[in-house]
Amino acid sequence: MEENETVISLENVTVRLAGRTVLDNVGFEVKRGEFVAVLGPNGAGKTMLMKLLLGLLKQAEGSVTVLGKPPRRGNREIGYAPQHRVLETDLALRARDVVGLGLDGNRWGIWLSGRKREELIDNVLKEMDVYRLGNAPAGQLSGGEQQRVLIAQALIADPEILLLDEPLSNLDITHAQEVILLLTKRLCPSKQKGAHICHERKVTIMLVTHDINPLLPIVDKVLYMSDGRGVMGTPEEIITSETLSKLYRTKVEVVRSGGRVFVAGAET
Ligand SMILES: Nc1ncnc2c1ncn2[C@@H]1O[C@H](COP(=O)(O)OP(=O)(O)OP(=O)(O)O)[C@@H](O)[C@H]1O
Ligand SMILES: [Mg+2]
């Protein structure tokens, strides 16, 4: 593994859908082991960016590489938890089967014994605090429970990159904190606090959120988006009145208080 290896790279990327520019000349690099929070108001292009990295959309201009190659669908090196409830209410599949889908097609898929597979599913269900719901029909779980099942599915194959689209938005405070702690552990198994000075990081995470505050202790960078445009840097560089006013093209006020950061004058 190369140190400081770039795992995601976008150069002057523009994506158009139905004649609309949904990503507008976006460029950034993510290094292996970085934890990037993706922020920005509704319609900014956060989900479209994830879809681009998953190979579900194609850019009209610019270049995109993920783990050194153009994005491709079904890449098992990427774990993805989509934003919205995607499970149909009449989905009879058990929660544990939904989680297991995260293993199918994986490099282990071929030789993973039934027992080993069930064990992996049990472990990740426990990690996400949905073990007791493993046999329940997935479609009948609550929004937050489904969210945790889908995060479990994204984590189970131990992917190189995790793309998590608003994984915390349906969760109560306790479960949100648990998920953050879990991600911190994945980032740096031996060190759960101050994970950004960890040298053993493997997994790279891009996580969409509307609230950066709970993530400030562990986030390396933020990608702030507005109207298809984006700027990336450390939270200190990006979450400033000057940078955000420029991005939003309107006056934005950033207030810091008690270790927290508040953005006023613009929707986040
Ligand atoms: N198929 C499509 N055709 C045209 N425009 C689309 C299509 N899909 C999405 N868009 C537009 O792309 C823009 C970016 O959408 P996206 O879903 O990435 O926003 P987002 O930043 O994830 O917002 P949210 O916080 O609401 O999830 C929106 O204006 C949306 O209307
Ligand atoms: Mg979205």
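A few points about the site of ligand 1
And step 1. In the neighbourhood of ligand 1, 13 residues make up the surrounding shell, with L17, N42, K46, T47 and M48 lying closest.
And step 2. Within the residue set of the shell around ligand 1, elements represented by two or more residues are β2 (20–31) and α1 (46–53).
And step 3. The leading source of residues in the shell around ligand 1 is α1, at 3 residues.
And step 4. Its residues placed into classes, the shell around ligand 1 shows 5 nonpolar, 6 polar and 2 charged.

Quick notes on the nonpolar core
And step 1. Ranked by internal contacts, the top residues of the largest apolar core, which has 74 residues, are V38, A152, I205 and V222.
And step 2. Here this core takes 6 residues from helix α4 (residues 143–155), the largest share from any one element.
And step 3. A domain-level breakdown of this core finds at least three residues from each of domain 1 (1–77 + 159–239) and domain 2 (87–157).
And step 4. Setting aside chain neighbours within four positions, we find A152 in contact with V99, V124, L125, M128 and V130.

A short note on the sheet that holds β2
And step 1. Here 3 strands make up an open sheet; going across it, the order is β2-β1-β4 and the pairing antiparallel. Each of the sheet's edge strands pairs with one partner strand only, and the pair in question is β2 and β4 (61–66). Direction aside, the axes of adjacent strands within the sheet are offset by 20° on average.
And step 2. Sheet analysis places strand β1 (residues 6–17) next to β4, joined by 5 bridges and oriented antiparallel. By the bridge assignment, E11 is partnered in β4 with S63.
And step 3. Along the sheet, α1 contacts β1, β2 and β4; its crossing angle with β2, the most-contacted strand, is approximately 65°.

Brief notes about the environment of N75
And step 1. Topologically, N75 is positioned in the loop between β4 and β5 (78–81).
And step 2. Assessed through the 19 C-beta atoms surrounding it within 10 Å, N75 is described here as partly exposed.
And step 3. Considered as a pair, N75 and L54 are 21 residues apart in the sequence and their alpha carbons are 7.5 Å apart.

Notes on unusual backbone geometry
And step 1. Positive phi values are uncommon outside glycine, yet N25 reaches one of about 55°.
And step 2. The partly exposed category is assigned to N25, around which 15 C-beta atoms lie within 10 Å.
And step 3. If you check the backbone angles, D227 has positive phi at about 50° while not being a glycine.
And step 4. With respect to the element layout, D227 can be found in the loop between β8 (221–226) and β9 (229–233).

Quick notes on helix α5 (residues 173–187)
And step 1. Between the first and last C-alpha of α5 there are 21 Å, a value that for 15 residues agrees with the 21 Å anticipated at 1.5 Å per step.
And step 2. Regarding α5, the residues found buried are A176, V179, L183, T184 and L187. Along the long axis of α5, the arc covered by the buried residues comes to 140°, so they all point the same way. Counted as exposed and oriented over 90 degrees from the buried face of α5: T174 and L181.

Digging into the pairing of β1
And step 1. Direction of pairing for β1 relative to β2: antiparallel, over a ladder of 8 bridges. In the strand pairing of β2, T6 is matched with K31.
And step 2. In textbook terms, the turn of a hairpin is the stretch between consecutive antiparallel strands, and for β1 and β2 this stretch comprises 2 residues, one of which, A18, has a positive phi near 45°.

Here is what the cut-offs are and how they apply
- Residues numbered from 1 in each chain as written.
- Chains lettered and ligands numbered in written order.
- Predicted model: local features only at pLDDT ≥ 70, side-chain atom pairs only at ≥ 80, totals over all residues.
- Near = placed C-beta within 6 Å.
- Helix = DSSP H or I, 4+ residues; strand = E, 2+ residues; numbered from the N terminus.
- Nonpolar A, V, L, I, M, F, W, Y, C, P; charged D, E, K, R; others polar.
- Core = buried A, V, L, I, M, F, W, Y, C linked by C-beta atoms within 7 Å.
- Buried ≥ 20, exposed ≤ 12 C-beta atoms within 10 Å, placed from the backbone.
- Domains from an automatic or database assignment.
- Contact = placed C-beta atoms within 7 Å.
- Pairing = 2+ DSSP bridges.
- Axes fitted to C-alpha atoms, helices over the stretch in contact; angles between N-to-C directions.
- Expected span 1.5 Å × (residues − 1).
- Arc of directions from axis to C-beta.

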